[in-house]
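Coordinate inspection notes
Below are the chains, spelled out letter by letter.
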Amino acid sequence: MKLSKEWRIGMKDMQQILPPPRNRGQLKKPTWIIVLLLLVCVFLVLSYIHPPQTSVLSDDEIASSVVINNILNTPPIDSKNPKIAFMFLSVGSLPFEKLWGKFFQGHEGRFSIYIHASRDKPVHTSPYFVNREIRSDKVEWGTVSMVDAEKRLLANALKDPDNQHFVLLSDSCVPLRDFDYVYDYLMNTNISFIDSFTDPGPHGSGRYSQHMLPEVEKKFFRKGAQWFTMKRQHAVVVLADNLYYTKFRDYCKPGMDGSINCYADEHYLPTFFHMHDPNGIANWSVTHVDWSERKWHPKSYEKKDVSEQLLKNITSITESVHVTSEERRETMIMPCMWNGMNRPCYLFARKFLPETQDSMIELFSNYTTKQ
């Protein structure tokens, strides 16, 4: 007990002799303030050097948006004789003029025809196509000249105020339905049949270039077949646009950024309408093509392939199928909705060889009467 008391006394004496313990909080407080101020200064400097991206539109974007919105919100022209403009994109003569002649026969005054022949002057086999060529220019596959030809056709077709719907067709396209069916399908809905879907693979978003910023962000980049049908308001919008067209002309082309092959005809309109009127397009094309062979080009139909069963198979399709270009090849399926109803998707088909015309003419007369 005595020893313990002495120890306690010794400890008390030591506390009086030694300096008081340091207050660590008091010493660290100014240090943290200095560190905090340094971090704030660094943040301000970095913000000045690399300002954050804002959603403020450029002058060109604002002007373009005003024009586009005004066109889309303007009531369509009330025509007493509404027509469909059939626009043919070809290198020369149209091998299926006789077949199309049967399609048009008896419906004079409800359609008009325009031909863009990029290489040779067409030789006609149907009176409906005589003198229907427009001033044309050279078209190279995979380049923006394809889009230029489309715009040239639209410009000529828009001269006629009665043209209310516009159909782009190739020289290998054939009709799958009779004229009345096609006319009712296109004229009695308020959407354009423009193909547009998201492909995150190398042949979709992989073709995007950062040079398209700020007007075209990667999240809006879309892909689709070029063979469209569109209502008059959309046709006018396409001709009015220069801002987005220029982006695709300059930065979506073969050999872009060294090794990227971007094709404006597959991306310009799908992206443009996804950005500006996504609810005004169907997101599928009414022109059928068979990509089942998974080659660079779709399947071509030879004479031996053509049968009533083939036409029945195509015209009975009620779902649109898109396959991505990723290694896993994701398949996206959506119903073809027309005014809220699920209907057959296709009015036309392409990649038919010229040798199939006689068979198609024979089948067309028999098959369309059963529709």
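Preceding block: the structure.
Definitions and cut-offs
- Residues numbered from 1 in each chain as written.
- Predicted model: local features only at pLDDT ≥ 70, side-chain atom pairs only at ≥ 80, totals over all residues.
- Heavy atoms only, no water.
- Helix = DSSP H or I, 4+ residues; strand = E, 2+ residues; numbered from the N terminus.
- Buried < 20%, exposed > 50% of the residue type's maximum accessible area, 1.4 Å probe, protein only.
- Contact = heavy atoms within 4.5 Å.
- Areas by Shrake-Rupley, 256 points an atom, 1.4 Å probe, with all protein chains shown as cover.
- 1 Å grid on protein atoms, 1.4 Å probe; cavity = no way out; pocket = protein on both sides within 12 Å on 5 of 7 lines; lining within 4 Å.
- Points joined across faces, edges and corners; volume = space filled by probe spheres on them.
- Core = buried A, V, L, I, M, F, W, Y, C linked by side-chain atoms within 4.5 Å.
- Pairing = 2+ DSSP bridges.
- Right-handed = clockwise from strand over helix to strand, strands pointing away.
- Phe/Tyr/Trp six-rings, centres within 6.5 Å; stacked < 30°, edge-to-face > 60°.
- Lys NZ or Arg CZ within 6 Å of the ring centre and 35° of its normal.
- Axes fitted to C-alpha atoms, helices over the stretch in contact; angles between N-to-C directions.
- Parallel < 35°, antiparallel > 145°, perpendicular 65-115°, else oblique.
- Left-handed = near helix turned anticlockwise from the far one by under 90°.
- Disulfide = S-S within 2.5 Å.

1. Some points on the overall build of the protein
- Helix and strand counts for the protein come out as 11 helices and 13 strands.
- Going through the 371 residues of the protein one by one, you find that 44% of them count as buried.
- Looking at the protein alone, contacts between residues at least 24 apart form 79% of all its contacts between residues at least 6 apart.
- Total accessible area computed for the protein in this model is approximately 20,700 Å², and 56% of it derives from carbon and sulfur atoms.

2. As for empty space enclosed by the protein
- The full count for this structure, using the stated rule, is one cavity of 30 Å³ or more.
- Val 147, Glu 150, Ile 194, Ala 225, Gln 226, Phe 228, Ala 264, Asp 265, Tyr 268, Leu 269 and Pro 270 together form the lining of the largest cavity.
- Put simply, the parts of the chain that give the lining of the largest cavity at least two residues each are α5 (145–157) and α9 (264–276).
- At five residues, α9 tops the list of elements feeding residues into the lining of the largest cavity.

3. A look at the nonpolar core
- In terms of nonpolar packing, the biggest core is built from 46 residues, with Phe 86, Trp 100, Phe 104, Phe 193, Phe 348 and Phe 352 touching the most fellow members.
- Elements represented by at least two residues in this core include exactly β1 (83–90), α4 (97–104), β2 (111–117), β3 (163–170), α6 (179–187), α10 (308–315), β13 (348–349) and α11 (357–368).
- With five residues, α6 is the largest single contributor of residues to this core.
- For Phe 104, the contacting residues outside a window of four places in its chain are Phe 86, Phe 111, Ile 113, Tyr 128, Phe 129 and Phe 179.
- Ranked by size, the runner-up nonpolar core spans 40 residues in total, among them Ile 68, Leu 72, Leu 168 and Ile 281.

4. A few points about the pairing of β1
- Within β1, eight of the eight residues are buried, leaving the element largely enclosed by the surrounding structure.
- Alternating positions in β1 separate into two faces, Lys 83, Ala 85, Met 87 and Leu 89 on one and Ile 84, Phe 86, Phe 88 and Ser 90 on the other, with burial throughout.
- Where β1 meets β3, seven bridges bridge the pair, whose relative direction is parallel. Bridged to Leu 89 within β3 is Ser 170.
- Taken together, β1, α4 and β2 form a β-α-β motif whose crossover is right-handed.

5. A word on the packing of aromatic side chains
- For the structure shown, the criterion picks out 31 aromatic pairs.
- Arranged with centres 6.0 Å apart and planes meeting at 65°, the rings of Phe 111 and Phe 179 form a pair that is edge-to-face. Residue Phe 111 is found in strand β2, and its partner Phe 179 is found in helix α6; the two are separated by 68 residues along the sequence.
- Between the aromatic rings of Tyr 185 and Phe 193, the centroid separation amounts to 5.6 Å while the plane-to-plane angle is 45°, which identifies the pairing as tilted. For the pair Tyr 185 and Phe 193, a shared accessibility class is recorded, and that class is buried.
- Members of the aromatic cluster, joined through ring pairs, are Phe 86, Phe 88, Trp 100, Phe 103, Phe 104, Phe 111, Tyr 128, Phe 129, Phe 179, Tyr 183, Phe 348 and Phe 364.
- One Lys or Arg, Arg 110, reaches over the ring of Tyr 183 and ends 4.2 Å from the middle of that ring.

6. Focus: the packing of α5 against α9
- Following both chains from N to C, one finds α5 and α9 inclined at 55°, their axes separated by 8 Å at the closest point. Relative to α9, the element α5 is oriented oblique. Here the hand of the crossing between α5 and α9 comes out right-handed. Contacts between α5 and α9 involve Met 146, Val 147, Glu 150 and Lys 151 on the former and, on the latter, Ala 264, Asp 265, Tyr 268 and Leu 269.

7. Topic: the state of the cysteines
- Tallying each qualifying case throughout the model produces two disulfides.
- Across a sulfur-sulfur distance of 1.9 Å, Cys 252 and Cys 262 are joined as a disulfide pair. As the torsion about the S-S bond is roughly -80°, the Cys 252-Cys 262 disulfide counts as left-handed. Of the two residues, Cys 252 sits in the loop between α8 (243–251) and α9 while Cys 262 sits in the loop between α8 and α9, which places them 10 residues apart along the sequence.
- By relative accessible area, Cys 252 is classed as buried at 1%.
- Cys 262 sits in the buried class, given a relative accessible area of 0%.
- What pairs with Cys 336 in a disulfide is Cys 345, and their sulfur atoms sit 1.8 Å apart. Handedness here is read from the sign of the S-S torsion; for Cys 336 and Cys 345, about 95°, the answer is right-handed.
- Each bonded cysteine in the protein gets a number by its place in the sequence, and the pairs come out as 1-2, 3-4.

8. A few points about the pairing of β2
- Summarising burial for β2: seven of the seven residues are buried, a large majority.
- Burial of β2 is two-sided: the residues Phe 111, Ile 113, Ile 115 and Ala 117 facing one way and the residues Ser 112, Tyr 114 and His 116 facing the other way are all buried.
- The sheet contact formed by β1 and β2 spans seven bridges and is parallel. Each residue of the ladder has a partner; that of Phe 86, found in β2, is Ile 113.

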